[in-house]
Amino acid sequence: MAKDSYLVGLIGAGIGPSLSPALHEREADRQGLRYVYRLIDIDALGVEPEAVGDLVRSARDLGFDGLNITHPCKQLVIGHLDALSPQAEALGAVNTVVFEDGRAVGHNTDVTGFAASFARGLPDVPLERVVQLGAGGAGAAVAHATLTLGAERVTVVDALADRAADLAGALNRHFGAGRAAHATPDRLPELLARADGVVHATPTGMAAHPGLPFPAALLRADLWVAEVVYRPLETELLRTARALGCATLDGGGMAVFQAVDAFRLFTGREPDSARMLADIAELAGAVGTRK
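Scope of this entry: the structure provided in the associated data block. Quick caveat, the model's predicted, so the values are computed rather than measured.

Okay, unusual backbone geometry next. The omega torsion of the bond from histidine 71 to proline 72 falls at 5 degrees, within 30 degrees of zero and hence cis. Of note, proline 72 is situated in the loop between strand S3 (66-69) and strand S4 (83-84).

What follows concerns the pattern of salt bridges. Applying the stated criterion across every chain yields a total of 19 salt bridges. The partner of arginine 26 in a salt bridge is glutamate 282, with the nearest N and O atoms 3.2 Å apart. With arginine 26 in helix H1 (residues 20-30) and glutamate 282 in helix H11 (residues 273-284), this residue pair connects regions lying 256 residues apart in the sequence. The class for arginine 26 is partly exposed, based on a relative accessible area of 26%. A residue is classified by how much of its surface remains accessible, and glutamate 282, at 59% relative accessible area, is exposed. Here glutamate 190 makes a salt bridge to arginine 194, at a shortest N to O gap of 3.9 Å.

A regular strand carries its side chains on alternate faces of the sheet. Burial along strand S10 (residues 197-200) is two-sided: the face carrying Gly197 and Val199 and the face carrying Val198 and His200 are both buried. Pairing of strand S7 (residues 129-133) with S10, which is carried by four bridges, proceeds in the parallel orientation. In the sheet register, valine 131 faces S10, and the bridge partner there is valine 198. The sheet contact formed by S10 and strand S11 (residues 224-227) spans four bridges and is parallel. Counted as the bridge partner of histidine 200 is glutamate 227 from S11.

Next up on the list: the packing of helix H5 (residues 110-121) against helix H6 (residues 137-148). Taken N-terminus to C-terminus, the directions of H5 and H6 make an angle of 50 degrees; their axes are 8 Å apart at the nearest point. Considered as vectors, H5 and H6 are oriented oblique to each other. In this structure, H5 meets H6 at a crossing whose hand is right-handed. Two secondary-structure elements touch here, H5 through Asp110, Val111, Phe114 and Ala115 and H6 through Ala141, Val142, His144, Ala145 and Thr146. For the contact of H5 with H6, the per-class residue count stands at six nonpolar, two polar and one charged.

The rules we used
- Residue indices follow the written sequence of each chain, beginning from 1 at its first position.
- Local features are withheld for residues below a pLDDT of 70 in this predicted model, meaning they are given only at 70 or higher, and side-chain atom pairs are given and counted only at 80 or more; totals for whole chains, interfaces and linings count all residues.
- Calculated side-chain values reflect all of the structure's heavy atoms, with hydrogen atoms and water omitted.
- For the purposes of this entry, the term helix denotes a DSSP run of H or I that reaches at least four residues, the term strand denotes a run of E that reaches at least two, and both are numbered from the N terminus.
- Salt-bridge detection follows one rule: a side-chain nitrogen of Lys or Arg within 4 Å of a carboxyl oxygen of Asp or Glu.
- Whether a residue is buried, partly exposed or exposed follows from its accessible area with a 1.4 Å probe, protein chains only, as a fraction of its type maximum: under 20%, in between, or over 50%, in that order.
- When DSSP finds two or more bridges between two strands, those strands count as paired.
- Each axis is a line fitted through C-alpha atoms, taken for helices only over the stretch in contact, and angles between the N-to-C directions span 0 to 180 degrees.
- Just so you know how the angles are binned, under 35 degrees is roughly parallel, over 145 roughly antiparallel, 65 to 115 roughly perpendicular, and the rest oblique.
- When the near helix sits turned anticlockwise from the far one by under a right angle, the crossing is termed left-handed; a clockwise turn instead gives a right-handed crossing.
- Two residues qualify as a contact provided that any one of their heavy atoms is within 4.5 Å of a heavy atom in the partner residue.
- Residue classes follow a fixed rule: Ala, Val, Leu, Ile, Met, Phe, Trp, Tyr, Cys and Pro count as nonpolar, while Asp, Glu, Lys and Arg count as charged, and any other residue, Gly among them, counts as polar.

Just distances and angles here, no functional claims.
Structural data, given as structure tokens:
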């Protein structure tokens, strides 16, 4: 008999504003499921990100069916899992853990989530030269997605030079030599001057990290801007870019499409992405691209 009751959760820092519980629970309600989605906030618990392993073990012992994992635990959690999907292994980052027969299996739905959102919201933008800010867990996923979508070259920029170099190296091994490069933030003026678009994959712009990730003067009207942050949907970066006439993509679509894939992993049931896009539009404002 098919299971009709689920307990899942989200582990991360400062996740109080997350819309994941509402997205999952609304779709579950429509499918007639009993579905409880809990927030496990390491800030509220007063523990370090390295405690993610203990939290995953506790959730498994308490009967959770699965977990989503977000900043800053997407890479730290890997050492505490029993197996990884091929995509999660290639990325070195996990955002979804499914408990199967006592084992914790890591997946990554950020890649497919960003790719689906980008293809829907910025279908015709040039992809010859892309600059990406951020080489963390979300950064690894969106860089893979951007190259999968057909970008010729992605330059990864991160304040942690080794982290940017490691990601660029992994991308080149996966996609072929020369597809990725790395740089430090001081090179942003020259890089953005030659870029077709910029993908922002750092926490800057979130409610707890307000502001711009780089000076507004580096934006120009023919530069497209894709955002990973979705709370708020309109970050200062997107607001500034739209005022200049840039084509933009907010983080809401990625949030929905990664949730669609995670819901499928947790339940084995097919969610309705159109209904979930309508949910996030209601919960957080209009989703998608604006020019």
